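Each chain, written out:
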Amino acid sequence: MPDYHLFGGTFRSALDFPELVPVAVGSPDWYLAQQATLPTYDSLVPLGTEEVGAGVTVSLFRAGSALRLVFDDTGTFDISSDGRRIDWAPPAAPDMEAVRKDVLGRVLAVALEQEGITTLHGSAVAVDGAAIVFLAPKFHGKSTTATALVNAGGKLLADDIVPVTPGADPMVLPSVPVVQLWPDSAERVGGGAAPVSPDQKSPKAQVAWAGSERNAAAAVPLGAVYLLAPVRSEETRGVRRERVTGVMASLALLGQAKVGGLLGVERRAALLQRLVDLAVLVPVYRLEIPRDFERIGELTSSLLDWHAGSSAANPI
């Protein structure tokens, strides 16, 4: 089974992941195994269901302290109580690109949730020793902004799921070293990144940087969170940010939690408390940006100015 670098540790998998960086065989921190069948539980407690595509849903169930994720199209995943072992029972003839996407998305997000690690739906880049996180709904430019910032000198930490550790000094763990871009974004801001595979069927292009120079390999302290608010270029004079605090900041973070809708009442309440604590420790901003590729340099320049040097890692 191949071993990969992930979350600052080692992920051993029964499946091949071209999106991940292989590492020498060692003691794995996370383990994905393929099984013909999974245990039958006397009681599965339903927690939540989300739509993940056109007519495709995923549901989360609790079985004691373990969790079970059931996807309509890619099968069933059992996740151990400590989040370290994942057992997968595939359907007949699964779409392996979809399976990899689910594993690297919601499956691992739930596994991290078992450890009390929060996963946000966004992108993260390390700049001068601090992690800058970009959150927003689809089509708001998270990955485009992250890619442009990496090509301007930052290091990619995460795209799609941003893992944030709990506690007084929250850290962002290095996630999948790949950015997913729509074709127009890939053409305009791809820069030094190249497609991971020419055979992918997804409408988004998966791009990555060769070598380790543009990828962060270790956890980075969380410096700031930006809630992207794109506006038409003619309606804004430039890149502007405004601090968001208190309840509004916490609810904004909750709205961009990767698996918040799946967790059920008790777990969602615990997640909200972690996000309340996070919003106290780390500045959260609304970031107004021009929706214009020609002005992407303004955005990266502003971010680099705001976060240049460790003294600006947590600007007020």
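Residues numbered from 1 in each chain as written. Predicted model: local features only at pLDDT ≥ 70, side-chain atom pairs only at ≥ 80, totals over all residues. Heavy atoms only, no water.

**Quick notes on the overall build of the chain**
Rules: Secondary structure is summarised from DSSP: a helix means a run of H or I of at least four residues, a strand means a run of E of at least two, and numbering begins at the N terminus for each. Our radius of gyration looks at C-alpha atoms and nothing else; its globule reference is 2.2 Å times the residue count to the power 0.38. Buried residues are those whose accessible area, probed at 1.4 Å on protein chains only, stays under 20% of the maximum for their type, while exposed residues exceed 50% and partly exposed ones sit between those limits. We call two residues contacting when some pair of their heavy atoms lies within 4.5 Å.
The number of helices and strands found in the chain is six helices and 19 strands. What you see for the chain is a C-alpha radius of gyration of 19 Å, in line with the 20 Å of a compact globule of 316 residues. Along the first, second and third principal axes, the C-alpha atoms of the chain reach 60 × 45 × 40 Å. Looking at the chain as a whole, 53% of its 316 residues qualify as buried. For the chain, the share of sequence-separated contacts (at least 6 apart) that also reach a separation of at least 24 residues comes to 64%.

**What about the pattern of salt bridges?**
This is how it is decided: Here a salt bridge means any side-chain nitrogen of Lys or Arg lying within 4 Å of a carboxyl oxygen belonging to Asp or Glu.
Applying the stated criterion across every chain yields a total of 14 salt bridges. Glutamate 19 is the salt-bridge partner of arginine 100, the closest N and O atoms lying 3.0 Å from each other. Placement of arginine 100 in helix α1 (residues 96–114) and of glutamate 19 in the loop between β2 (9–13) and β3 (21–22) is noted, with a sequence separation of 81 residues between them. Taken individually, arginine 100 and glutamate 19 each receive the classification buried, so the pair is uniform in this respect. The salt bridge partner of glutamate 115 is arginine 84, with a shortest N-O separation of 2.7 Å.

**As for the packing of helix α4 (residues 246–255) against helix α5 (residues 264–281)**
Here is the rule: Orientation is described by lines fitted to C-alpha atoms, with helices fitted over the stretch in contact, and by angles between N-to-C directions that extend from 0 to 180 degrees. The cut-offs work like this: below 35 degrees is roughly parallel, past 145 is roughly antiparallel, 65 to 115 is roughly perpendicular, and the gaps in between are oblique. The sense of a crossing depends on the near helix, which, turned anticlockwise from the far helix by less than a right angle, makes the crossing left-handed and, turned clockwise, makes it right-handed. Each residue gets one label: Ala, Val, Leu, Ile, Met, Phe, Trp, Tyr, Cys and Pro are nonpolar, Asp, Glu, Lys and Arg are charged, and the others, such as Gly, are polar.
Between α4 and α5, the least distance of the axes is 9 Å, while the angle of their chain directions is 130 degrees. Viewed along their axes, α4 and α5 adopt a mutual orientation that is oblique. Here the hand of the crossing between α4 and α5 comes out right-handed. On α5, the residues that touch Ala249, Ser250, Leu253 and Leu254 of α4 are Arg268, Leu271, Leu272, Leu275, Val276, Leu278 and Ala279. Here the contact of α4 with α5 is built from residues that sort into nine nonpolar, one polar and one charged.

**Thoughts on the layout of surface pockets**
Filter applied, for reference: Definitions used for this entry: grid spacing 1 Å over protein atoms alone; cavity, a set of points where a 1.4 Å probe fits but cannot get out; pocket, an open set with protein on both sides within 12 Å along at least 5 of 7 lines; lining residue, one with an atom within 4 Å of a point. Grid points are joined across faces, edges and corners, and a volume is the space filled by probe spheres set on the points.
For the second largest pocket, the calculated volume is near 200 Å³. Lining the second largest pocket are 13 residues, and of these His5, Val21, Pro177, Asn215 and Ala216 sit closest to its centre. Grouping the constituent residues of the lining of the second largest pocket by class yields eight nonpolar, five polar and no charged.

**Points about the sheet that holds strand β1 (residues 3–6)**
The condition that has to hold: For two strands to pair, DSSP has to find at least two bridges joining them.
Here we have nine strands laid out as an open sheet, ordered β3-β1-β2-β4-β9-β8-β7-β6-β5, and mixed in their pairing. Two strands bound the open sheet, and with one partner strand each, they are β3 and β5 (45–53). Where β5 lies against strand β6 (residues 56–63), seven bridges are found, and the strand directions are antiparallel. The residue bridging glutamate 51 from the neighbouring strand is threonine 57, located in β6. Running at roughly 155 degrees to strand β7 (residues 66–71), α1 makes contact with β1, β2, β4 (30–34), β5, β6, β7, β8 (75–79) and β9 (85–89) of the sheet.

**Some words on helix α2 (residues 142–151)**
Residues lying three or four places apart along an α-helix face the same way, a consequence of the helix completing one turn every 3.6 residues. In terms of burial, α2 is largely enclosed, as nine of its ten residues are buried. Here α2 has its buried residues at Lys142, Ser143, Thr144, Thr145, Ala146, Thr147, Ala148, Leu149 and Val150.

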